[in-house]
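Here's the letter readout for the chains.
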Amino acid sequence: MLLVLAAASPVSFVFGQDMERSFTVAEGEWVVLDVERAHISVSTWDRTEVAFSAKRAEHLTFELSQEDGAITIHGSDEFSEGNGDVSVSGLRAGGIVIINGRVVTPDNYSDKWVKTPPAQIVLNVPYRQNLNLRTSGGNIRIDRLQGQFNARASGGDIEADDVDGSVEVRTAGGGIRLQHASGSVDATTSGGSIQLGNVSGEIKSRTSGGSIRIGEAHGTLEARASGGSIAVGSASGAVHASTAGGSVEVRMADQPKLDSELRATGGNVTVYLRDDLQLDLSANSTGGRIRSDFPDLAPENTAGRARVEKPLNGGGPDLVVRTTGGSIRIRRLDD
C-alpha cells in the first residue's frame, strides 16, 4: 500500500509496519527520521518527494508529522510503551528481564524483544535537503546529500559518501566513515574508529575506543583518541591531535596560520613538514629520542629525555610536540 501525503500544511498520520509512504517536501526543509532498533539506508534523487519503506518492522509503529519546517517520521518500539528508548538493565534467573525499569517475563514479550532483529528502513530524499537521523539499535548509511547531515546511533556504524554541507554524527557503539564533506565535520564515537576522507571545513573528531584516520583536512583539525592511533594524510590548517593509547602521524602540507599541538602517551609522534614552512618548534620526549631531517632542528638527546626548541625558516605559529613513552620523528615532506 502506498500513501501520498502533501506536506504543505501541518499533518499527522499513524501507520503500521511493512508499509510504504511517500510525501512531498520543500527544498532545504528538514527531514527527520527517529526510529527504535532499525538499520537506516538513505539514497537521494532529483525529485521533490520523500519515499519511505520499512521491512521486518513488526515491533514498530510509525507516526508522520509536519510542523515548524520539518517533516518527521517517528518509529516507536512496542516495548517502550511511550517511555522513550528501550533499556534492558539486567537479566535475572528464570528468564526475567528488566525493560524500562519494569520486570517482564517471556509471556510479556521479553524473549521476543531480545530475539527481534532490527528493522530495515529505506529512505529516498531530495538531493538538496537537510537530514536528521536517529536509531537506537542499528546502522546508518547515506550516499550523497547537499545540505546539513545529523545522525545519532546508539549501537551501530554511521557511513556517508558525499555531503555538500556540515556534518554532525554521534554513535555509542560503532564506527564512523565519511568520504567527503564540503563543510565542517563533528564526529564522535565511544566504541569505534573514525575514518574521514576529504573535508573542506573544520574537523572535530573524538573516539574513546578506536583510531582516527583522516585523508585531507583543509580547515582546523581537532582529533582526540583514548585508545588508538591518529593519522592525518594532509593538513592545510592548524592541527590539535592527542591520544592516550597509540601513535600520532601528521603531514603538514600547508603553512598554518594558528598554533598546532601533537601529543601521545605510550606512542610515537611523527610529523612531516614542508621545507618552506615557518614554525616555532617545541618538541619534547620523555623516555624516547628525537630524530630530525632538518639540520636547523637538531635535537638534544640525553638519557631519558630529548628536546628541540628552535624556529624553522625564521619562525611562525607554534608547533608543540609531546610524547611520554615514545619517540619523535621530524621528517621532510616530499612534494
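## Describing the overall build of the chain
Looking only at helices and strands, the chain has 1 helix and 34 strands in total. Expressed as a percentage of the 335 residues in the chain, the buried residues total 47%. Surface accessibility of the chain: about 14,700 Å² in total, with carbon and sulfur atoms responsible for 45%.

## A few points about the packing of aromatic side chains
All told, the structure shown has 1 aromatic pair when counted by the stated rule. Between F52 and F62, the aromatic rings sit 5.1 Å apart at their centres with planes inclined by 70°, giving edge-to-face as the arrangement. A residue pair is termed long-range when its members are at least 10 positions apart, and F52 in strand β6 (residues 49-55) and F62 in strand β7 (residues 60-67) qualify at 10 residues. Look at F52 and you get buried, because its relative accessible area is 1%. On the basis of relative accessibility, which here comes to 1%, the residue F62 falls in the buried class. The ring of Y127 carries R144 above its face, with NZ or CZ at 4.2 Å from the centroid.

## Details of the pairing of strand β8 (residues 70-77)
Both faces of the sheet carry side chains from a regular strand, because those side chains alternate between them. Sheet topology places strand β4 (residues 30-35) next to β8; 6 bridges connect them, and they run parallel. Bridge pairing in β8 links W30 to A70.

## A word on the nonpolar core
Formed by 76 residues in total, the largest nonpolar core has its most connected members in L123, L131, F149, L262 and L273. Those residues in contact with L123 that lie beyond four places of it in its chain are V31, L33, S41, V42, S43, V50, A51, F52, I73, L131 and L133.

## Some thoughts on the side chain of T44
Inspection of the secondary structure puts T44 in strand β5 (residues 38-45). Looking at T44, the relative accessible area reads 12%, which means it is buried. Within the structure, the side chain of T44 is placed 3.0 Å from the backbone oxygen of R144, a separation counted as a polar contact. Residues contacting T44, with those up to four places away along its chain left out, are V125, P126, Y127, D143, R144 and L145.

## A closer look at the confidence of the model for the chain
Per-residue pLDDT for the chain has a mean of 84; in total, 82% of the residues score no lower than 70. Confidence drops under a pLDDT of 50 for residues 1-15, and excluding neighbours within four residues, the segment shows 40 contacts in the predicted structure. Across residues 80-110, where pLDDT falls below 50, the model places 49 contacts with residues more than four positions away in sequence or in other chains.

## Overview of the pairing of strand β14 (residues 140-145)
Of the strand pairs in this sheet, β5 and β14 are connected by 3 bridges, and their pairing is parallel. Note that in β14 the partner of S41 across the bridge is R141. The pairing of β14 with strand β16 (residues 158-163) spans 5 bridges and is parallel. Opposite I142, over in β16, you have A160 as the bridge partner.

## Points about the side chain of S205
Within the element layout of this structure, S205 appears in strand β21 (residues 203-207). In this structure S205 touches A187, I194, I212, I214, L221, E222, A223 and R224, once residues within four positions along its chain are discounted.

## Quick word on the pattern of salt bridges
For the coordinates displayed, the defined rule picks out 21 salt bridges. The partner of E222 in a salt bridge is R224, and the shortest N-O contact between them spans 3.6 Å. According to the relative accessible area criterion, R224 is partly exposed, its value standing at 32%. D275 is the partner of R332 in a salt bridge, and the nearest nitrogen-oxygen pair spans 2.5 Å. With a gap of 57 residues between them, R332 in strand β34 (residues 328-332) and D275 in the loop between β28 (269-273) and β29 (279-286) connect regions that are remote in the sequence. For R332, a relative accessible area of 31% gives the class partly exposed. Accessibility expressed as a relative area gives 44% for D275, which makes it partly exposed. Ionic contacts of the salt-bridge type, sharing partners, join the residues R152, E168, R170, D186, R206, E222 and R224 into one network.

## Here's the deal with unusual backbone geometry
In this structure, R56 is a non-glycine residue whose phi angle is positive, near 55°. When you line up the elements, R56 lands in the loop between β6 and β7. Look at N313: it is not a glycine, yet its phi comes out positive at around 55°. By secondary structure assignment, the location of N313 is in the loop between β32 (305-312) and β33 (318-324).

## Notes on the environment of T188
The residue T188 is located in strand β19 (residues 185-189) in this model. Sequence separation between T188 and T207 is 19 residues; the distance between their C-alpha atoms is 5.8 Å. Residues in contact with T188, not counting those within four places in the same chain, are V169, R170, T171, I176 and R206.

## Some thoughts on the environment of S282
Mapped onto the secondary structure, S282 falls in strand β29. Looking at S282, the relative accessible area reads 11%, which means it is buried. Separated by 21 residues in the primary sequence, S282 and E261 place their C-alpha atoms 9.4 Å from one another. If we skip the residues at most four places from it in the chain, S282 touches V308, E309, L319, V320, V321 and R322. There is a polar contact of 2.9 Å between the side chain of S282 and the side chain of E309.

Thresholds applied
- Residues numbered from 1 in each chain as written.
- Predicted model: local features only at pLDDT ≥ 70, side-chain atom pairs only at ≥ 80, totals over all residues.
- Heavy atoms only, no water.
- Helix = DSSP H or I, 4+ residues; strand = E, 2+ residues; numbered from the N terminus.
- Buried < 20%, exposed > 50% of the residue type's maximum accessible area, 1.4 Å probe, protein only.
- Areas by Shrake-Rupley, 256 points an atom, 1.4 Å probe, with all protein chains shown as cover.
- Phe/Tyr/Trp six-rings, centres within 6.5 Å; stacked < 30°, edge-to-face > 60°.
- Lys NZ or Arg CZ within 6 Å of the ring centre and 35° of its normal.
- Pairing = 2+ DSSP bridges.
- Core = buried A, V, L, I, M, F, W, Y, C linked by side-chain atoms within 4.5 Å.
- Contact = heavy atoms within 4.5 Å.
- Polar contact = N/O pair within 3.5 Å; in protein donor to acceptor, adjacent residues only side chain to side chain.
- pLDDT = per-residue confidence, 0-100.
- Salt bridge = Lys/Arg side-chain N within 4 Å of Asp/Glu carboxyl O.

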